[in-house]
Amino acid sequence: DGGITQSPKYLFRKEGQNVTLSCEQNLNHDAMYWYRQDPGQGLRLIYYSQIVNDFQKGDIAEGYSVSREKKESFPLTVTSAQKNPTAFYLCASSGSWNEQFFGPGTRLTVL
Amino acid sequence: QKEVEQNSGPLSVPEGAIASLNCTYSDRGSQSFFWYRQYSGKSPELIMFIYSNGDKEDGRFTAQLNKASQYVSLLIRDSQPSDSATYLCAVLGENNFNKFYFGSGTKLNVKP
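My aim in this report is to walk through the structure given alongside it, one point at a time.

How each quantity is defined
Residues numbered from 1 in each chain as written. Chains lettered and ligands numbered in written order. Predicted model: local features only at pLDDT ≥ 70, side-chain atom pairs only at ≥ 80, totals over all residues. Heavy atoms only, no water. Helix = DSSP H or I, 4+ residues; strand = E, 2+ residues; numbered from the N terminus. Rg over C-alpha atoms; globule rule 2.2 N^0.38 Å. Buried < 20%, exposed > 50% of the residue type's maximum accessible area, 1.4 Å probe, protein only. Areas by Shrake-Rupley, 256 points an atom, 1.4 Å probe, with all protein chains shown as cover. Disulfide = S-S within 2.5 Å. Contact = heavy atoms within 4.5 Å. Buried area = accessible area lost by both parts, 1.4 Å probe. Polar contact = N/O pair within 3.5 Å; in protein donor to acceptor, adjacent residues only side chain to side chain. Nonpolar A, V, L, I, M, F, W, Y, C, P; charged D, E, K, R; others polar.

Considering the overall build of chain A
- When helices and strands are counted, chain A shows zero helices and eleven strands.
- Across chain A, helices and strands are ordered from the amino to the carboxyl terminus as β-β-β-β-β-β-β-β-β-β-β.
- For chain A, whose C-alpha radius of gyration is 13 Å, the value lies close to the compact-globule estimate of 13 Å for 111 residues.
- For chain A, the C-alpha atoms occupy an extent of roughly 40 × 25 × 20 Å along the three principal directions.
- Relative to its 111 residues, chain A shows a buried fraction of 50%.
- Roughly 5,500 Å² of accessible area belongs to chain A as shown, and the carbon and sulfur atoms make up 47% of that amount.

Here you go:
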């Protein structure tokens, strides 16, 4: 089955910790994205990548970092510099009509 | 000014009725428009997209686009309780390759 997987589904972070969220896709899509969603809010773009070894900051990149070493993978690290990281994190990739498909998400909670 | 605006709702309709969801956008050069459905606690799923002025139908769903008015809507015919969800409007910016702007969503409740 083609699709996007994210892990873990739930993640708990202690103050001062860096954590990494995994995103893998087997859709052969070039472009991938990371969004953050807060309760009752829309999606805000953190980072996006149009091609391997290249990525761009989105609207709320501070406190986050990414890498794109393989086409299939686009991991997101939430660093200790992100002061309010509790949120629902969504990874997406885009198809031939620019439509974006989302993974199931990771819910991050700061303890 | 927000890039994409939606009424947060909730919009309540009886089962079998037509639900009308609306979205306005600020970037006049935007070319591509998408509607997503998001159930509580789940990720968004693509319903349909539209590029050209006019209507596009897919089953019970119809997307309507009016670029002159910078307005896009989604009609759901014969609404079912399973349609109860938050509907997100997304717009692909003209000058930002593959960068989407999302509205905050409209919550739809379909009452049996």
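Concerning the state of the cysteines
Residue and element names in this part refer to chain B.
- Tallied over the full model, the rule gives two disulfides over all chains.
- A sulfur-sulfur distance of 2.1 Å marks the disulfide that ties Cys23 to Cys89. Looking down the S-S bond of the Cys23 and Cys89 bridge, the torsion is -70°, so its handedness is left-handed. Placement of the pair is Cys23 in strand E3 (residues 19-25) and Cys89 in strand E9 (residues 85-92), with a sequence separation of 66 residues. Taken individually, Cys23 and Cys89 each receive the classification buried, so the pair is uniform in this respect.

Section: the interface of chain B and chain A
- With 19 residues of chain B in contact, the opposing surface of chain A contributes 24 residues.
- Summed over both sides, the interface between chain B and chain A buries roughly 1,700 Å², with carbon and sulfur atoms accounting for 56% of that surface.
- Across the chain B-chain A interface, the total number found is three residue pairs in polar contact (both at pLDDT 80 or more).
- For the side of chain B that touches chain A, the elements supplying multiple residues, two or more each, are strand E4 (32-38), strand E5 (45-50), E9 and strand E10 (100-102) of chain B.
- When grouped by side-chain class, the residues that make up the side of chain B that touches chain A number eleven nonpolar, six polar and two charged.

All we've got here are geometric facts, nothing functional implied.
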